[in-house]
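# Structure assessment
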Amino acid sequence: MTPFQTTGQMPSAERLRTAISTLLAEREAGKSICPSEAARALAGSDEKNWRLLMKPIRQIAVEMAKDGQIRILRKGKSVADPDSFRGVYRLALPDASQPSDP
């Protein structure tokens, strides 16, 4: 059982950032994660629990993308505006070898 399940309290913004960063750091260069992976890492595999984290994770991902820490991807390309994208998305580390794609 994860700390989130035990306490019933929403993880802090810092814990959400850490979960995203840790999962991305563990991936091969150029690979991405689904935001639900970060939610599951914090809340466990019970869908009722991890789904509660999806909106907070999206908010943190937008902040991290604006700060240049990660990229938000739709259909394999970086979103032009992190504040206004819709639909299914993935998260990736910035690719230093390529210019950012709008």
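Our subject is the structure that appears above.
Attention here is on the structure that accompanies the text.

Criteria and cut-off values
Residues numbered from 1 in each chain as written. Predicted model: local features only at pLDDT ≥ 70, side-chain atom pairs only at ≥ 80, totals over all residues. Heavy atoms only, no water. Pairing = 2+ DSSP bridges. Helix = DSSP H or I, 4+ residues; strand = E, 2+ residues; numbered from the N terminus. Salt bridge = Lys/Arg side-chain N within 4 Å of Asp/Glu carboxyl O. Buried < 20%, exposed > 50% of the residue type's maximum accessible area, 1.4 Å probe, protein only. Axes fitted to C-alpha atoms, helices over the stretch in contact; angles between N-to-C directions. Left-handed = near helix turned anticlockwise from the far one by under 90°. Contact = heavy atoms within 4.5 Å. Nonpolar A, V, L, I, M, F, W, Y, C, P; charged D, E, K, R; others polar.

Spatially, β1-β4-β2-β3 is the arrangement adopted by the 4 strands of the open sheet, whose pairing is antiparallel. Each edge of the open sheet carries a strand with a single partner, namely β1 (32-33) and β3 (77-78). In this sheet, β3 lies alongside strand β2 (residues 71-74) in antiparallel orientation, the contact comprising 2 bridges. Of the residues in β3, the one forming a bridge with arginine 74 is lysine 77.

Once that is clear, we can look at the pattern of salt bridges. Tallied over the entire structure, the rule returns 5 salt bridges. Notably, a salt bridge pairs glutamate 63 with arginine 17, separated by 2.7 Å at the nearest N-O pair. Here glutamate 63, found in helix α5 (residues 54-66), pairs with arginine 17, found in helix α2 (residues 13-26); they are 46 residues apart in sequence, far enough to count as distant. Note on arginine 17: relative accessible area 23%, which makes it partly exposed.

Our next topic: the packing of α2 against helix α3 (residues 35-43). Two measures define how a pair of helices packs: the angle their axes make with one another and the distance between the axes. At a minimum axis distance of 9 Å, the contact between α2 and α3 shows a crossing angle of 120 degrees. For the pair α2 and α3, the sense of crossing is right-handed. Seen from α2, the contacting residues are Arg15, Leu16, Ala19, Ile20 and Leu23; seen from α3, they are Glu37, Ala38, Ala41 and Leu42. Counted by class, the contact of α2 with α3 contains 7 nonpolar, no polar and 2 charged residues.

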